[in-house]
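Observations on the model geometry
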Amino acid sequence: MTKHHFPAHLAAKALEAIKFTCYFGTFVHTPELGRLEALTRCAVGVDETGTIAFVQENCQDYKKYTLDFTKLSQEQVRFVDVSDSEVKFFVPGFIDTHIHAPQFPNNGIFGDSTLMDWLEKYTFPLESSFKDVSLATEIYNKVVDRTLSNGTTAAAYYATIHAEATNLLADVALTRGQRALIGKVCMNQNSPDHYIETFEESKQSQLEVIRHVEARDPTGTLVSPVLTPRFAPSCTENLMEWLGELRKSRNYHCQTHLSENKREIEVAHELFPDYDSYTDIYHKSGLLGPKTILAHCIHLSDHEKDLLAQTGSGVSHCPTSNSSITSGEARIRWLLNSNVKVSLGTDCSGGFTPSVLQVAKHALLVSNHLVMKSENDFEKLSTSDVLYLATVGGAEVLNMDVKLGKFQVGYKFDTQLIQLDCDNSPVDTFAFQNPRWGQVDRKESIDKFQDLIDKWIFNGDDRNVRQVFVNGRSVLQKN
Ligand SMILES: O=c1[nH]c(=O)c2nc[nH]c2[nH]1
């Protein structure tokens, strides 16, 4: 019987019977910083909860292996074989740890502005228009579409001050199956009249968003709230302290901006003269901790960097944004060497692209610029380093590194299927250039995949993302 003639109700019945899926092909990930691992002829078994049950490399008969492992019947297991192409592989889904969903329409529009005038001229006017929920519906659907299409399986979103539109972002992420932290922006000072809230309004709408998000996803499987004081210059001390208390009371995620721009740092010092540093404002307000994401972190002192390491707070490195609005070059190796957790953020629309792959490339190039300026070679980030930041690093910063970022038993199947020779691919693979390709020897196989990954990182884009899975579920498939 052809697929075409298979009655829909029988197809649904057949799907119902599926209890386990086995994917067979090449899996590439970075289990440690700087180490790329290519698992070839690999079977990865995923159970009904979307959790990886086995990872079996060099599997001779993946079907038999799966049936022996699960003790299920043929009808209860779905087999997905993607070993048909040399240049097709699974990589962990990208984790975008800093993205402003409402700013999406402004991607690429920043003129010659820098942070403080950019906020006034471009950002606040756009964000304030999200009191119109129909605009929010259009933009938030587009953002989730675009990020998924670029392989982003998890994102830490900034929304706006509006509870209704923020709740809608949570609904869109949940409906589309993307893992997301949903941040209602809190800001009650130094903001334009058309886009500001009082302390009371901020508290009420924050609590409303928490209620909504937790009601929609009570187990927090896909979406959960993240407390989001915009940045110290736009928050009063009592608002930050209230958010700090709330954070500690329920162990919530928290996100904010830190040390992005020199003028911003001066403003923070002027507004909060009694604190030792910009970082200290957040520390004393109770906002730092292992579930806190700090975007940018460019101009930190040694002491501030140590405070991040001590509190377990994570950094979202946003090189695209930092270059676009001329904020500076974050010293990522310096942070990593002090055991500060680092990840990548697209920071739309300080950044201009929703693609974490593009941001990874920019992270590498910015690190090269630091080397050229300091002549200190150790600052350089390799392609394996930036792939780590985009996946495992993101998981660490979200404090989800026991379940995201790698192909490992017990981890969630949050994954993208990459194909370098798809139709219209921007990547030319030229198999003939590399006679090592196609050999099975382990070392040779790593070299081959290092070449492929380098080609993908520098030349690839969303066209190469063929399918995206979150929590074991296919949430996007391109034909
Ligand atoms: O890159 C940034 N984008 C923003 O929207 C913002 N707000 C405060 N600081 C910020 N930095």
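Report follows, based on the coordinates. Remember, predicted model here, so these are calculated numbers, not experimental data.

**Here we look at the environment of leucine 169**
Tracing the backbone shows leucine 169 in helix α5 (residues 163-176). The buried category is assigned to leucine 169, around which 30 C-beta atoms lie within 10 Å. It is 18 Å that separates the C-alpha atoms of leucine 169 and threonine 219, two residues lying 50 residues apart in sequence. Apart from the residues within four sequence positions on either side, leucine 169 is in contact with Ala101, Tyr140, Tyr157, Ala159 and Ile182.

**Some points on the nonpolar core**
One finds Tyr157, Leu169, Ile182, Ala360 and Ala363 to be the most contacted residues of the largest nonpolar core, which totals 124 residues. For this core, the element with the most residues is helix α14 (residues 383-397), which contributes 8 residues. In terms of domain composition, this core takes at least three residues from each of domain 1 (18-92 + 407-477) and domain 2 (94-397). Apart from residues lying up to four places away in sequence, alanine 363 is in contact with His317, Pro319, Ile332, Leu344, Leu381, Val386 and Leu389. Residues Phe110, Leu115, Trp118 and Ile325 belong to the second largest nonpolar core, which totals 5 residues.

**Brief notes about the pairing of strand β13 (residues 314-317)**
In β13, alternate side chains face the same way, and those of Gly314 and Ser316 on one face and Val315 and His317 on the other are all buried. One ladder, built from 3 bridges, connects strand β12 (residues 292-296) with β13; its direction is parallel. Across the sheet, the residue bridging to leucine 294 is valine 315, located in β13. Looking at chain direction, β13 and strand β14 (residues 341-344) are connected through 4 bridges and run parallel. Bridge pairing in β14 links histidine 317 to leucine 344.

What counts and what doesn't
Residues numbered from 1 in each chain as written. Predicted model: local features only at pLDDT ≥ 70, side-chain atom pairs only at ≥ 80, totals over all residues. Helix = DSSP H or I, 4+ residues; strand = E, 2+ residues; numbered from the N terminus. Buried ≥ 20, exposed ≤ 12 C-beta atoms within 10 Å, placed from the backbone. Contact = placed C-beta atoms within 7 Å. Core = buried A, V, L, I, M, F, W, Y, C linked by C-beta atoms within 7 Å. Domains from an automatic or database assignment. Pairing = 2+ DSSP bridges.

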